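Chain by chain, the residues run as shown.
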Amino acid sequence: MPTTQSSESVEELKIDATSALRSADSRDQLEAWRVEYLGRKGRLTSVLRGLGSLDIEQRKVVGASANRLRAELESLFDERLQQAKSARVPAGSIDVTLPGRKPALGGLHPSTQMIREITQAFNEMGFQTIEGPEIELERYNFDMLNIPADHPARDQFDTIWVDQDSRDDILLRTHTSPMQARVMEKTDPPVRVVVPGKCYRYEATDATHEWQFNQVEGLAVDEGITFADLKGTLYEFARRIFGPSRKVRFRCDYFPFVEPGVDMSIDWNGRWIEIMGAGMVHPKVLENAGYDSDKYTGFAFGMGPERISMLRNDITDIRHFFANDLRFLTQF
Ligand code: YSA
């Protein structure tokens, strides 16, 4: 090492800087160290600035050792900074006098809120809430509901098969109606249930169609149930959800698992909006589940809670429900 004034300064600087860095613990102390040694007006920078006053040979030697020192100090500094960042907060360094901040509260998903309102309306009319599997057997989703394999109604339910290639008998339920068959298979009449839950269809999405959505199914079976019971129950449901002055319309519709079948619409700002399918349970569906269709009759219905929430809350696109955007979700 040359014995010039500047080269001695590089050595001294190295000793000073490394020992000062070892004793700097906090991020503030590290920053002060960086300014003192590596900053624009720092000690190493002054050494480099002073190179001009040295003769050419000394300049080469001192310049090289000063640059080596800079690289070494920068790397030591980064290392210490990482250590300081990952160090635990030292005891006593938390300001306990800071005012508390309100934790962000979660809330129920808008679909869940709507489902709860719908099921509560039926609970108050004597229906019990139950749930069923989303991964379903073809037997319950179709066959038991009077939709055999070659039935054209299967096209209406664009099905997501669990094994697309083998098309075996397991699928994601396309509606909540399979729970009609499951409940009747396990329970003797009288039956009064509502079944909320997710359904899946292999269809393109648009403002009113999602490939994943909820339905609420309803089923009532007993001796002497008539179409008047269906209408009375669904009128009362509409009154509770949409208010007493809301107009309701029933029109003929076709579902293989009811006879007769209807759809129910409500008057929304002068337009009839369909909110559910319904009907008297088809005798074949009762018999498939082991019920005596001469003795028992029943009605059933299935509705989409997202579509009902859209009407009530002026939501123009159903895809908001599953996009997980807090700007939408926090409005409920
Ligand atoms: C009919 C008669 C019964 O006795 C019982 C139930 C039913 C309903 C039948 N299982 C069914 O799924 N009919 S449906 O295909 O017309 O769907 C019923 C409701 O689910 C629709 O009115 C709509 O509100 C909702 N829905 C259907 N496809 C949807 C959807 N919601 C969002 N996205 C989709 N892709």
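Everything in this summary refers to the structure shown in the same document. (Residues numbered from 1 in each chain as written. Predicted model: local features only at pLDDT ≥ 70, side-chain atom pairs only at ≥ 80, totals over all residues. Heavy atoms only, no water.)

Considerations on the overall build of the chain
Next, step 1: Regarding its fold elements, the chain presents 12 helices and 10 strands.
Next, step 2: The C-alpha radius of gyration of the chain comes to 37 Å, more than 25% above the 20 Å expected for a compact globule of 332 residues.
Next, step 3: Across its three principal directions, the C-alpha atoms of the chain cover 115 × 50 × 40 Å.
Next, step 4: Of all 332 residues assigned to the chain, the portion counted as buried reaches 44%.
Next, step 5: Residue pairs at least 24 apart in sequence account for 64% of intrachain contacts in the chain once pairs closer than 6 positions are excluded.
Next, step 6: Of the roughly 18,900 Å² that the chain leaves accessible, carbon and sulfur atoms contribute 50%.
Next, step 7: Placing the 41 positive and 51 negative side-chain charges of the chain at their respective mean positions leaves the two points 8 Å apart. (Helix = DSSP H or I, 4+ residues; strand = E, 2+ residues; numbered from the N terminus. Rg over C-alpha atoms; globule rule 2.2 N^0.38 Å. Buried < 20%, exposed > 50% of the residue type's maximum accessible area, 1.4 Å probe, protein only. Contact = heavy atoms within 4.5 Å. Areas by Shrake-Rupley, 256 points an atom, 1.4 Å probe, with all protein chains shown as cover. Lys, Arg positive; Asp, Glu negative; His and termini not counted. Charge placed at Lys NZ, Arg CZ, Asp CG, Glu CD.)

Description of the packing of aromatic side chains
For any pair of aromatic rings, geometry is given as the distance between the ring centres together with the angle between the planes.
Next, step 1: Per the counting criterion, the structure on display carries 15 aromatic pairs.
Next, step 2: Summarising the aromatic geometry, the rings of W33 and F77 are spaced 5.7 Å apart at their centres and angled 10° between planes, so their arrangement reads as stacked. Taken together, the positions of W33 in helix α2 (residues 27-38) and F77 in helix α4 (residues 56-86) put the pair 44 residues apart, joining distant regions of the chain. Grouping residues by exposure puts W33 and F77 together as buried.
Next, step 3: Between F255 and F257, the aromatic rings sit 5.8 Å apart at their centres with planes inclined by 35°, giving tilted as the arrangement. Each member of the pair F255 and F257 is classed as buried.
Next, step 4: The rings of F122, F127, F237, F299 and F301 are connected pair by pair, giving a single aromatic cluster.
Next, step 5: The ring of Y140 has R182 sitting right over it, with the charged end atom 4.0 Å from the ring centre. (Phe/Tyr/Trp six-rings, centres within 6.5 Å; stacked < 30°, edge-to-face > 60°. Lys NZ or Arg CZ within 6 Å of the ring centre and 35° of its normal.)

Re the site of the ligand
Next, step 1: For the ligand, the set of nearby residues contains 26 residues, the closest of which are H175, S177, R201, E210 and V258.
Next, step 2: Separating a nitrogen atom of the ligand from a side-chain N or O atom of E203 is a distance of 3.3 Å.
Next, step 3: When the free accessible area of the ligand is taken as 690 Å², the share hidden by the protein chains comes to 95%.
Next, step 4: For the shell around the ligand, the elements supplying multiple residues, two or more each, are β6 (212-222), β9 (271-281) and β10 (297-303).
Next, step 5: A total of 4 residues in the shell around the ligand trace back to one element, the largest contributor, which is β9.
Next, step 6: Of the residues in the shell around the ligand, the class split is 10 nonpolar, 10 polar and 6 charged. (Near = heavy atom within 4 Å. Polar contact = N/O pair within 3.5 Å; in protein donor to acceptor, adjacent residues only side chain to side chain. Nonpolar A, V, L, I, M, F, W, Y, C, P; charged D, E, K, R; others polar.)

Digging into helix α9 (residues 227-242)
Next, step 1: Under the 1.5 Å per step criterion, the end-to-end length of α9 is 22 Å for 16 residues, consistent within 8% with the ideal 22 Å.
Next, step 2: Considered for burial, the residues of α9 that qualify are L230, T233, L234, F237, A238, I241 and F242. With its buried residues spanning 135° around the axis, α9 presents them on a single face.
Next, step 3: Contact partners of the buried residues in α9: α5 (110-123), β7 (248-253), β8 (258-268), β9, β10 and α11 (305-313).
Next, step 4: Residue T226 occupies the N-cap position of α9, its side-chain oxygen lying 3.1 Å from the main-chain nitrogen of A228.
Next, step 5: Downstream of α9 by one or two residues, G243 has phi in the positive range, about 100°. (Expected span 1.5 Å × (residues − 1). Arc of directions from axis to C-beta.)

Here's the deal with the sheet that holds strand β2 (residues 135-137)
Next, step 1: On the basis of which strands lie adjacent, the open sheet formed by 3 strands has the order β2-β4-β3 and antiparallel pairing. In this open sheet, the two strands that pair with only one neighbour each are β2 and β3 (160-161).
Next, step 2: Alignment of β2 against strand β4 (residues 170-172), held across 3 bridges, turns out to be antiparallel. The partner of L137 across the bridge, within β4, is I170. (Pairing = 2+ DSSP bridges.)

Thoughts on the environment of S53
Next, step 1: Topologically, S53 is positioned in the loop between α3 (43-49) and α4.
Next, step 2: For the pair S53 and F321, spaced 268 residues apart in sequence, the C-alpha separation works out to 73 Å.
Next, step 3: Within the local environment of S53, its side chain forms a polar contact with the backbone oxygen of G50, the two atoms lying 2.8 Å apart.

Here we look at the pairing of strand β5 (residues 191-200)
Next, step 1: Burial analysis of β5 places 8 of its 10 residues in the buried class, the great majority of the element.
Next, step 2: Of the strand pairs in this sheet, strand β1 (residues 128-129) and β5 are connected by 2 bridges, and their pairing is parallel. Paired with T129 across the strands is V194, a residue of β5.
Next, step 3: Examined bridge by bridge, β5 and β6 share 10 bridges and lie antiparallel to one another. Following the sheet pairing, V191 is matched in β6 by V221.

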